[in-house]
Amino acid sequence: MNLDQAREELARLSALLGQANRDYHGADTPTLSDAEFDRLKRRNAEIEARFPKQKRDDSPSEMVGSAPADGFGKITHRVAMLSLGNAFEDDDVLAFDDRICKYLGQPRGAVSYTAEPKIDGLSLSIRYEKGEMVSAATRGDGETGEDVTANARTISDIPQRIPMAPAVLEVRGEVYMSHADFEVLNARILEENKALEAAGKKVKTVFANPRNAAAGSLRQLDVRVTKERPLQFFAYAWGELSEPLGSTQMEAISRLGGFGFTINDLTQICDTPEAMITHYRRIEAQRATLGYDIDGVVYKVNDLALQGRLGFRSTTPRWAIAHKFPAELAWTKLEAIDIQVGRTGALSPVARLAPVTVGGVVVSNATLHNEDYIAGRDSKGGVIREGKDIREGDWVQVYRAGDVIPKVADVDLSKRSDAAQRYVFSETCPICGSPAVREEGDAVRYCTGGMICAAQATEKLKHFVARKAFDIEGLGAKQIEMFYDDPDLAIREPADIFTLQTRDRQNLNKLKNRKGWGDQSASNLFAAIDEKRKIGFARALFSLGIRHIGESAAKDLALHFMSWEALATAAETARPAALAWRAADLAEERERLLAQKEGRRARVKESRDAAMAKCDVGIAAKSVWAELIGIDGIGAAVGLSLTDAFANPEERAAIDRLVQELDIERPAPPRQESPVAGKTVVFTGSLEKMTRAEAKARAESLGAKVAGSVSKKTDLLIAGPGAGSKATKAAEMGIETVDEDGWLALIDGL
Ligand code: IVH
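Residues numbered from 1 in each chain as written. Predicted model: local features only at pLDDT ≥ 70, side-chain atom pairs only at ≥ 80, totals over all residues. Heavy atoms only, no water.

Draft legend 1. Summary view of the nonpolar core. Formed by 66 residues in total, the largest nonpolar core has its most connected members in Phe483, Ile497, Ile549, Leu557, Trp564, Trp625 and Phe646. Looking at which element gives the most residues to this core, the answer is helix α19 (residues 564-598), with ten residues. In this structure, Trp625 is in contact with Ala574, Ala577, Ala578, Trp581, Met612, Ala636, Gly639 and Leu640, ignoring residues within four places of it in sequence. Within the second largest apolar cluster, 36 residues are counted, among which are Leu124, Ala152, Val175 and Leu304. (Core = buried A, V, L, I, M, F, W, Y, C linked by side-chain atoms within 4.5 Å. Buried < 20%, exposed > 50% of the residue type's maximum accessible area, 1.4 Å probe, protein only. Helix = DSSP H or I, 4+ residues; strand = E, 2+ residues; numbered from the N terminus. Contact = heavy atoms within 4.5 Å.)

Structure follows, in structure tokens:
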């Protein structure tokens, strides 16, 4: 089963089990036998264990009583409910602090943080207007959640009225169930099951963990059930406010405490990353005795004005991070190593395992990363696992952290059979037989077959039609597999989807006579395809499945370049500089590796930027490359991969053929109301009130495009002290110029 099939099957099972559940509880008329119900539920759990990321919000595993999800009204959050970035190692915490200080232009140690437990429950946003609780909503997709107002009113930690609250107050926090209450609840379910069993009725399943119990209890259509469940709530954040709650995170949280909310007493202010890590260890040591589940520690910049300046990346705040506890472990047998070929041609080794429970989830597949990892080396040639390699038949340790793909961590040599052979990583693609090559400095081996490799081509096409991409009704993974090899109607590249109808007519309307197709379904498909000819720029770009260009990079690129032609031209123009950059990067990496081997410090004579500045490529290429990798959120990896794709003749031809079939819409710049939306601005000279990075991120979040040099497209120059040739050029060209204060006044209050 592949990813798309898993997603489809999980959707089908969710609908089927949801209906059966409603029939049973709601109408009291079971439509499935208990055995069949359990079998489907098991199948669902198995697929979820293999594809944890595909687990649905309305997963039948979380189902208790009557169906959740679609029974609830929806509430759109006025302020999005975001998630948090993760830190796993102490170094990640240092890097987090470093990033923040750099962004704010502050010396190390200048920023203080709060550190508090990360509660493993489900988040809830409760709205108060004039001191009265008016609604409560789950996080949902972050923008829209489920209306669980009536359920939330039954939680005693949540005040119904707050006389001294600001006129508008949204309190956010975590709903959870204590260990003690969880045990009692499960014991009660088992007790009630005895009676149900005696009456020949379907028994209820006990909850796998307190988080599931809390979620299942809150998302109950029958509020009477929620009322009987002992749920608790910790307040740790807020959404919309009519007035600030304080000037620091700590003050604001204490204020929530004053309103009657429970706030976590392990919350503490830390002045350095070292203090944060110390507090993390302290919380970790108390983890087992807290009486409720936590899965890490959350750090937040304490000063709310700084939080405001730091703002957000697409789905996470820059000013907070979750430091997760180490993952859960289990030992099992590695039955086989399979190689999967992804849409970018990457060969990924997958461990097929004897099923084992890790942290409450059954795991039967895990990633082995790449060939070096199997051999006992990291991607830089360093030794890992004391050099132990991994072989088929070995006894291996598997771990899972949060919802990430399970990984193989270690191997037990004492249990290795004498017959076990060292794993030899194939140098050809297991699907198309093309050479699979590994570039210097790259950890991954790639199939060179491109679109002639059936695995790459079908994976690329499946990505192309996926929900977040073209999302064509009736054209999913299954149909892609079918059409790929069709003798008359082959879909081998994205453009073929859009020529399908014409080709079908030329072939005397064959589709409607194919198995599983008829007149209606064929014409529905053609209509669905036509409907998607008009498509947003970012979506079209994301759909191409270019390495490193995910949804967020596609959005950033689209907003920066605004038209497909501009992007394509930039990719072409920047190409020579991109290649020079790659060469400089490789040279630096080579020297680093050599130095490591020889036990000396690396002689990095000059920075990559300096090497780039000197190298022999045209000024246009250099400046467009600098522009490209200077876009907030875009780095060299994205830049290289974009220029690679547009420079590869076959790939470029396929892209051009696709673009001809489409009507690509210009992206709407965000925050139309801002005075700089859609304008091109250039910063020059030094800024005193913020760093360049902050100024740029701020301008881009207001819909401006930030360019590196003055040209006739420039609308505004922000010139600080020491501005030189750019200011002169702008003056000659009659371009409006302001100083830093003028710029701040212009965007004041936005
Ligand atoms: S702060 C903008 N603090 O973790 C960030 N989140 O992985 C707002 N969570 O969706 C979240 N304990 O459900 C924050 N002390 C805590 C938390 C916490 C648990 C959850 C929350 C969030 C998720 C992100």
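Draft legend 2. View of the packing of helix α22 (residues 636-647) against helix α23 (residues 649-661). Across the interface, α22 lies against α23 with an axial gap of 5 Å and an inter-helix angle of 85°. Overall, the two elements α22 and α23 adopt an arrangement that is roughly perpendicular. Residues Ala645, Phe646 and Ala647 of α22 pack against Pro649, Glu651, Arg652 and Ile655 of α23. Taken together, the residues that form the contact of α22 with α23 break down as five nonpolar, no polar and two charged. (Axes fitted to C-alpha atoms, helices over the stretch in contact; angles between N-to-C directions. Parallel < 35°, antiparallel > 145°, perpendicular 65-115°, else oblique. Nonpolar A, V, L, I, M, F, W, Y, C, P; charged D, E, K, R; others polar.)

Draft legend 3. Focus on helix α12 (residues 454-465). Here α12 contains twelve residues, and its C-alpha end-to-end distance of 16 Å stays within 8% of the 16 Å for a straight helix at 1.5 Å per residue. Counted residue by residue, α12 has ten buried out of twelve residues, so it is predominantly covered. Every buried residue of α12 is listed here: Ala455, Gln456, Ala457, Thr458, Lys460, Leu461, Lys462, His463, Phe464 and Val465. (Expected span 1.5 Å × (residues − 1).)

Draft legend 4. Structural context of the side chain of His77. Assignment of secondary structure puts His77 in the loop between β1 (74-76) and β2 (86-87). Judged by relative accessible area, which is 10%, His77 ranks as buried. Separated by 3.3 Å, the side chain of His77 and the backbone oxygen of Arg139 make a polar contact. Excluding its chain neighbours within four sequence positions, the residues that come into contact with His77 are Ser125, Ala137, Thr138, Arg139, Gly142, Glu143, Thr144, Gly145 and Arg172. (Polar contact = N/O pair within 3.5 Å; in protein donor to acceptor, adjacent residues only side chain to side chain.)

Draft legend 5. Region of interest: the site of the ligand. Around the ligand, 13 residues are found, and the nearest of them are Glu116, Ile119, Glu174, Tyr236 and Lys300. Measuring from an oxygen atom of the ligand, one finds a side-chain N or O atom of Ser123 at 3.3 Å. Taking Tyr236, its side chain carries an N or O atom lying 3.2 Å from an oxygen atom of the ligand. Listing elements by their share of the shell around the ligand, those giving two or more residues are β3 (113-119) and β10 (294-301). No other element matches the four residues that β3 contributes to the shell around the ligand. (Near = heavy atom within 4 Å.)

Draft legend 6. Up close: the packing of aromatic side chains. What the rule picks out here adds up to 16 aromatic pairs. Judged by centre distance (5.5 Å) and plane angle (90°), the rings of Phe683 and Trp743 are edge-to-face. Taken together, the residues Phe683 in strand β21 (residues 680-684) and Trp743 in helix α26 (residues 740-746) connect sequence positions 60 residues apart. When sorted by exposure, Phe683 lands in the same class as Trp743, which is buried. Each residue in the set Tyr128, Phe233 and Phe261 is aromatic and connected to the rest through ring pairs, giving one cluster. Across the ring face of Tyr373, the terminal group of Arg385 is positioned such that the distance to the ring centre comes to 4.7 Å. The side chain of Arg492 reaches across the aromatic face of Tyr484, ending 4.0 Å from its centre. (Phe/Tyr/Trp six-rings, centres within 6.5 Å; stacked < 30°, edge-to-face > 60°. Lys NZ or Arg CZ within 6 Å of the ring centre and 35° of its normal.)

Draft legend 7. Geometry of the pairing of strand β5 (residues 132-138). Of all seven residues in β5, five are buried; the element is thus mostly enclosed. Taken together, the six bridges between strand β4 (residues 122-129) and β5 define a ladder with antiparallel strand orientation. Residue pairing for β5: Ser125 is matched across the bridge by Ala137. Adjacent in sequence and paired antiparallel, β4 and β5 are bridged by two residues, among which Lys130 carries a positive phi angle near 45°. (Pairing = 2+ DSSP bridges.)

Draft legend 8. Up close: the sheet that holds strand β23 (residues 716-719). Here four strands make up an open sheet; going across it, the order is β22-β21-β23-β24 and the pairing parallel. With one partner strand each, in any of the chains shown, β22 (705-707) and β24 (736-738) form the two edges of the open sheet. Shown here is a sheet whose adjacent strand axes are inclined to one another by a mean of 30°, direction ignored. Bridge analysis of β21 against β22 gives three bridges, and the strand direction is parallel. Bridge pairing in β22 links Thr680 to Lys705.

Draft legend 9. Up close: the sheet that holds β5. Ordered in space as β5-β4-β7-β8, the four strands form an open sheet in which the pairing is antiparallel. Here the strands that pair on one side only, and so sit at the sheet edges, are β5 and β8 (232-241). Taking each pair of neighbouring strands and ignoring which way they run, the sheet shows an average axis angle of 25°. Across eight bridges, β4 lies against strand β7 (residues 168-176) in antiparallel orientation.

Draft legend 10. Focus on helix α6 (residues 210-218). In terms of burial, α6 is largely enclosed, as eight of its nine residues are buried. Among the residues of α6, those classed as buried are Pro210, Asn212, Ala213, Ala214, Ala215, Gly216, Ser217 and Leu218. Residues of α6 that are buried in the fold lie against β4, β5, α4 (149-152), β7, α5 (179-198) and α7 (223-228).

Draft legend 11. How the structure looks around the pattern of salt bridges. Inspection of every chain in the model, using the stated rule, returns 55 salt bridges. Several salt bridges share partner residues, and in doing so they unite Arg78, Arg127, Glu129, Glu170, Arg172 and Glu240 into one network. (Salt bridge = Lys/Arg side-chain N within 4 Å of Asp/Glu carboxyl O.)

Draft legend 12. Representation of empty space enclosed by the protein in the model. Per the stated rule, a full pass over the model turns up four cavities of 30 Å³ or more. What lines the largest cavity is simply Glu116, Pro117, Ile119, Phe234, Ala235, Tyr236, Ile253, Asn264 and Thr267. Contributions of two or more residues to the lining of the largest cavity are made by β3 and β8. (1 Å grid on protein atoms, 1.4 Å probe; cavity = no way out; pocket = protein on both sides within 12 Å on 5 of 7 lines; lining within 4 Å. Points joined across faces, edges and corners; volume = space filled by probe spheres on them.)

Nothing here speaks to function; it is geometry throughout.
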